Amino acid sequence: MKLIKKYIKDIIINNNFLRNKIKNLKYFKRRTDIEESLTSSVLYFNNFIENKYKENFINILDIGCFGQIPEHFTKLKKFNFYGIDIDTEEINRQKNHYKGKNFIFFNYKVIEPSNLSKLRQNFVEPELIKDRFVLEKVQSNHHNISSSKLSTLNKNQNYTKNYFTEKKTTIDDAFINLIHPKEVNFLKIDIDSNDHEVLYGADNLLNNENFFGLQIEVDFVKKKGNYRNYIEVLRYMNSKNFNLLNFVHSRYSSELLPTKYLYSFPGPNYNGSPLMGDLIFFKNFDDKFLEKLSKDDVIKILRLLEIYNQDHIAIELINKIKNFPYNIKNEFKSEFIKKYSLDFFGEILNYEQYCEKYIQNKDKFLNIL
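Residues numbered from 1 in each chain as written. Predicted model: local features only at pLDDT ≥ 70, side-chain atom pairs only at ≥ 80, totals over all residues. Heavy atoms only, no water.

## Thoughts on the nonpolar core
In globular proteins that are soluble, nonpolar side chains generally tend to be buried together.
In step 1: The biggest cluster of nonpolar side chains holds 50 residues, and the ones touching the most others in it are Phe285, Leu302 and Phe332.
In step 2: At seven residues, helix H12 (residues 295–307) tops the list of elements feeding residues into this core.
In step 3: In contact with phenylalanine 332, not counting residues within four places along its chain, are Phe45, Phe48, Ile49, Tyr53, Ile299, Leu302, Ile318 and Phe324.
In step 4: Counting residues in hydrophobic clusters, the runner-up holds 34 residues, among them Tyr82, Ile179, Phe211 and Val218. (Core = buried A, V, L, I, M, F, W, Y, C linked by side-chain atoms within 4.5 Å. Buried < 20%, exposed > 50% of the residue type's maximum accessible area, 1.4 Å probe, protein only. Helix = DSSP H or I, 4+ residues; strand = E, 2+ residues; numbered from the N terminus. Contact = heavy atoms within 4.5 Å.)

## Here's the deal with the pattern of salt bridges
In step 1: For the structure on display, the rule yields 13 salt bridges.
In step 2: We note a salt bridge from lysine 292 to glutamate 209, for which the minimum N-O separation is 3.8 Å. In this pair, lysine 292 is assigned in the loop between helix H11 (287–291) and H12 and glutamate 209 in the loop between helix H9 (195–199) and strand S8 (213–219), connecting sequence segments 83 residues apart.
In step 3: Taken together, the salt bridges that share partners define one network made up of Arg120, Glu197 and Glu232. (Salt bridge = Lys/Arg side-chain N within 4 Å of Asp/Glu carboxyl O.)

## Regarding the environment of isoleucine 60
In step 1: Position of isoleucine 60 among the secondary structure elements: in strand S1 (residues 58–63).
In step 2: When the C-alpha atoms of isoleucine 60 and leucine 304 are compared, they prove to be 9.9 Å apart, with 244 residues separating the residues in sequence.

## Observations concerning helix H15 (residues 338–345)
Helical geometry: 3.6 residues make up each α-helical turn, so side chains three or four residues apart lie on a common side.
In step 1: Among the eight residues of H15, six are classified as buried, and the element is accordingly described as predominantly covered.
In step 2: Residues Lys338, Lys339, Tyr340, Ser341, Asp343 and Phe345 constitute the buried set of H15.
In step 3: A positive phi of about 75° marks glycine 346, the residue just after H15.

## Section: the sheet that holds strand S3 (residues 103–107)
In step 1: The sheet built from seven strands is open, its strands ordered S3-S2-S1-S7-S8-S11-S10 with mixed pairing. The open sheet is flanked by S3 and strand S10 (242–252), the only strands paired with a single partner. Across this sheet, the average inter-strand angle for adjacent strands is 15°, counted without regard to direction.
In step 2: Pairing geometry for S10 and strand S11 (residues 273–283), over 10 bridges, is antiparallel. Among the inter-strand pairings, valine 248 is bridged to a residue of S11, identified as aspartate 278. (Pairing = 2+ DSSP bridges. Axes fitted to C-alpha atoms, helices over the stretch in contact; angles between N-to-C directions.)

## Side note on empty space enclosed by the protein
In step 1: Applying the stated criterion across every chain, the model contains one cavity of 30 Å³ or more.
In step 2: One number sums up the size of the largest cavity: a volume of about 40 Å³.
In step 3: What lines the largest cavity is Ile60, Asp62, Pro70, His72, Phe73, Phe81, Phe186, Lys188 and Tyr308.
In step 4: Elements with a contribution of two residues or more to the lining of the largest cavity: S1 and strand S7 (186–189).
In step 5: Of the residues assigned to the lining of the largest cavity, the class counts are six nonpolar, one polar and two charged. (1 Å grid on protein atoms, 1.4 Å probe; cavity = no way out; pocket = protein on both sides within 12 Å on 5 of 7 lines; lining within 4 Å. Points joined across faces, edges and corners; volume = space filled by probe spheres on them. Nonpolar A, V, L, I, M, F, W, Y, C, P; charged D, E, K, R; others polar.)

## Quick notes on the confidence of the model for the protein
One rule of thumb: low pLDDT means the predicted coordinates there are not for detailed reading.
In step 1: With 79% of its residues at a pLDDT of 70 or more, the protein has an overall mean of 84.
In step 2: Ignoring residues within four places in sequence, the model shows residues 23–35, a span with pLDDT below 50, making 16 contacts including any to other chains.
In step 3: Per-residue pLDDT stays below 50 along residues 153–159; that stretch engages in 22 contacts with residues further than four places along the chain or on separate chains. (pLDDT = per-residue confidence, 0-100.)

## So, the pairing of S1
In step 1: Along S1, six of the six residues are buried, which leaves the element largely enclosed by surrounding structure.
In step 2: Across the two faces of S1 the burial is the same, with Ile58, Ile60 and Asp62 and Asn59, Leu61 and Ile63 all buried.
In step 3: Both S1 and strand S2 (residues 79–85) contribute to a ladder of six bridges, which runs parallel. The residue bridging aspartate 62 from the neighbouring strand is glycine 83, located in S2.
In step 4: The sheet contact formed by S1 and S7 spans four bridges and is parallel. For isoleucine 63, the partnering residue across the bridge sits in S7 and is isoleucine 189.

## Some remarks on the packing of aromatic side chains
In step 1: Tallied over the full model, the rule gives 26 aromatic pairs.
In step 2: Their ring planes at 25° and their centres at 5.9 Å tell us that phenylalanine 285 and phenylalanine 289 sit as a pair that is stacked. As far as burial versus exposure is concerned, phenylalanine 285 and phenylalanine 289 are alike and both buried.
In step 3: Both rings, one in phenylalanine 344 and one in phenylalanine 365, keep their centres 5.0 Å apart while their planes meet at 70°; by these two values the pair is edge-to-face. A residue pair is termed long-range when its members are at least 10 positions apart, and phenylalanine 344 in helix H15 and phenylalanine 365 in the segment after helix H16 (351–360) qualify at 21 residues. (Phe/Tyr/Trp six-rings, centres within 6.5 Å; stacked < 30°, edge-to-face > 60°.)

## Re the packing of helix H13 (residues 311–320) against helix H14 (residues 326–336)
In step 1: Between H13 and H14, the shortest axis-to-axis distance is 10 Å and the interhelical angle comes to 175°. With respect to each other, H13 and H14 are oriented roughly antiparallel. On the side of H13, the interface is formed by Asp311, Ala314, Ile315, Ile318 and Asn319, while H14 contributes Lys329, Phe332, Lys333 and Phe336.
In step 2: A breakdown of the residues in the contact of H13 with H14 according to their chemical character gives five nonpolar, one polar and three charged. (Parallel < 35°, antiparallel > 145°, perpendicular 65-115°, else oblique.)

## As for the side chain of aspartate 85
In step 1: Along the polypeptide, aspartate 85 turns up in strand S2.
In step 2: Exposure remark for aspartate 85: the relative accessible area of 7% places this residue in the buried category.
In step 3: Among the polar contacts listed, one links the side chain of aspartate 85 to the backbone nitrogen of phenylalanine 66, at a separation of 3.2 Å.
In step 4: Not counting chain neighbours up to four residues away, the residues in contact with aspartate 85 comprise Gly64, Cys65, Phe66, Ile91, Phe106, Asn107 and Tyr108. (Polar contact = N/O pair within 3.5 Å; in protein donor to acceptor, adjacent residues only side chain to side chain.)

Here it is, written out as structure tokens:
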């Protein structure tokens, strides 16, 4: 039987046509599905914690909460979500739609701090390279939608500014005046304009011992006349002792070669240049930082790492924690690898069993088909 299996395997390996056909089968594609998105669709560890640690709440501040709340929060119970947006009508819609006491919304325009120039002077790009990587015109900027089409668009694509509030706040002021004494563990910034600049308005929040991570929309390739650059955000966050753990991008085509839009409104295209995207940062987990963390804070970080598809970093963090007993560490790690265990081996294994079975079946992890 082994000889027959080896014979079949050799045929597949040496036949490009068969290899390509097998690669396209849904069974083989499912291995990578859990790695393809910014956030995870399966939250075994979070569900485990919510059942076992009743008081562990993660606290999220979303700057630019226009549209749908991230899907993973609809699956969880132990969290507090604070949303801020400039659109008054949208905030009212959010309040009517998300009525749970863990959803709180504020109607403000979030602005950059008054000392922006001083804060950013060490992080901006030198003048001589400002005009590199520039797109002259982007397709979505010049797409006029007829009024008949506009009326059928989803509420999330509201193009008017009639409902914009005049109330203004920086992120730090919002935290102090609207949220404190509650803490913020994770910050999300997506306001489709001056994301880079308003980040500096969180200068104090980023230094907070209970603040652990950030998701921010940045520019990778610049539109002409727009000199913001993701390198500035990298430099600033590194200066705050944060590490970049993940990034995704959205493509935009030039109007010289119009291509199909990804959504039902002018925006990202199926192909083109990576004009913008999201960066994910988490605190650098050095010994000095870990010494200050309570058990509750460690669990909050682990929950956020699972949400943002960083299970391997979570297991590394578990190994570094000194005041967790061995059985708790193994229990936590077993929850993180559960989805991989089911995906690769078709059964639920604990962490030690999973690693042992990996050693015995290393060939299954090689993309040789």
